Amino acid sequence: MNARTQIPATLEGVGSVRYLVDDVDTAVAFYAGQLGFALRADARPAFAELVRGPLRLLLSGPASTAGRPMPDGRTPVPGGWNRMHLVVDDLDAEVSRLRAAGVTFRNDVVSGPGGRQVLIEDPCGNPVELFQPAGA
């Protein structure tokens, strides 16, 4: 994976995604160990902030403010279909590496006019799309 794990001094020009997770420690290990993110702030077990290039990932556990029940009683949970989109240089190599590491896949690699993609899941069930542009 062509990850840039340098931690930015400021958040200017950085896009943020918040994922609800049921175990912040496990999620940090996955994103740092498997997808090349670097830990920027650590308030475990409630919360952790990671970065990868211009992407800031906020991992919010059940003890975080983002995990608190809504006024109607619904509780935020991990999963769903919205996802971050990570560009990779060699999708086949990434699929092989992640399968060997026991990562869960939602589908097999699919191809389209813009490139090839596959969906993996973090340990809490949140999807991550790995994408290799056409011609790469």
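Residues numbered from 1 in each chain as written. Predicted model: local features only at pLDDT ≥ 70, side-chain atom pairs only at ≥ 80, totals over all residues. Heavy atoms only, no water.

S.K.: Just checking my understanding: could you explain the overall build of the chain for this structure?
M.R.: Along the backbone of the chain there are two helices and nine strands. For the chain, the C-alpha radius of gyration of 15 Å lies close to 14 Å, the compact-globule estimate for 136 residues. With the principal axes as the frame, the chain shows a C-alpha extent of 45 × 35 × 25 Å. The burial tally for the chain puts 39% of its 136 residues in the buried class. (Helix = DSSP H or I, 4+ residues; strand = E, 2+ residues; numbered from the N terminus. Rg over C-alpha atoms; globule rule 2.2 N^0.38 Å. Buried < 20%, exposed > 50% of the residue type's maximum accessible area, 1.4 Å probe, protein only.)

S.K.: Even after reading the chapter, I still don't get the sheet that holds strand β4 (residues 55-60), so can you show me in this structure?
M.R.: Sheet strands associate in pairs through backbone hydrogen bonding, adopting either a parallel or an antiparallel arrangement. One open sheet accounts for four strands, arranged β1-β4-β3-β2; its pairing is mixed. Each having just a single partner strand, β1 (15-20) and β2 (38-43) make up the two edges of the open sheet. Across the sheet, the mean angle separating the axes of adjacent strands is 20° when strand polarity is ignored. Sheet analysis places β1 next to β4, joined by six bridges and oriented parallel. Paired with Y19 across the strands is L59, a residue of β4. (Pairing = 2+ DSSP bridges. Axes fitted to C-alpha atoms, helices over the stretch in contact; angles between N-to-C directions.)

S.K.: What is the right way to read the side chain of R52 from this model?
M.R.: With respect to the helices and strands, the residue R52 is situated in strand β3 (residues 47-52). From its side chain, R52 meets the backbone oxygen of L35 in a polar contact 3.0 Å long. (Polar contact = N/O pair within 3.5 Å; in protein donor to acceptor, adjacent residues only side chain to side chain.)

S.K.: When you look at helix α2 (residues 91-100) in this model, what are you seeing that I'm missing?
M.R.: It helps to recall that an α-helix has 3.6 residues per turn; residues three or four apart then point in one direction. Taken together, the buried positions of α2 are occupied by L91, E94, V95 and L98. Angularly, the buried residues of α2 cover 100° about the axis, an arc narrow enough to put them on a single face. Of the surrounding elements, those touching the buried residues of α2 are α1 (24-35), β6 (104-105), β8 (115-121) and β9 (127-133). Of the residues that open α2, the one with a side-chain oxygen 3.3 Å from the backbone nitrogen of D92 is D90. (Arc of directions from axis to C-beta. Contact = heavy atoms within 4.5 Å.)

S.K.: Help me understand the packing of aromatic side chains in this model?
M.R.: The description of two aromatic rings rests on the distance between their centres and on the angle between their planes. The full count for this structure, using the stated rule, is three aromatic pairs. Judged by centre distance (5.6 Å) and plane angle (85°), the rings of Y31 and F37 are edge-to-face. Each member of the pair, Y31 as well as F37, is classed as buried. A connected cluster of aromatic rings, assembled from ring pairs, spans Y19, F30, Y31 and F37. The lysine or arginine in question, R99, covers the ring of F105, its NZ or CZ lying 4.0 Å from the ring centre. Of note, R106 hangs over the ring of W81, and the distance from its end group to the ring centre comes to 4.2 Å. (Phe/Tyr/Trp six-rings, centres within 6.5 Å; stacked < 30°, edge-to-face > 60°. Lys NZ or Arg CZ within 6 Å of the ring centre and 35° of its normal.)

S.K.: Sorry, what's going on with the side chain of D122 here?
M.R.: Among the structural elements, D122 can be located in the loop between β8 and β9. It is R106 that comes nearest to the buried, bridge-free D122 among opposite-charge side chains, at 7.8 Å. Ignoring any residue separated from it by four or fewer positions in sequence, one finds D122 in contact with Y19, V21, F30 and Y31. (Lys, Arg positive; Asp, Glu negative; His and termini not counted. Salt bridge = Lys/Arg side-chain N within 4 Å of Asp/Glu carboxyl O.)

S.K.: Looking at this structure, how should I read unusual backbone geometry?
M.R.: If a residue is not glycine, its phi is most likely negative; likewise, a peptide bond is most likely trans. Geometrically, the link from R44 to P45 is a cis peptide bond, its omega value of 15° lying close to zero. Relative to the helices and strands, P45 is located in the loop between β2 and β3.

Structural measurements only, silent on function.
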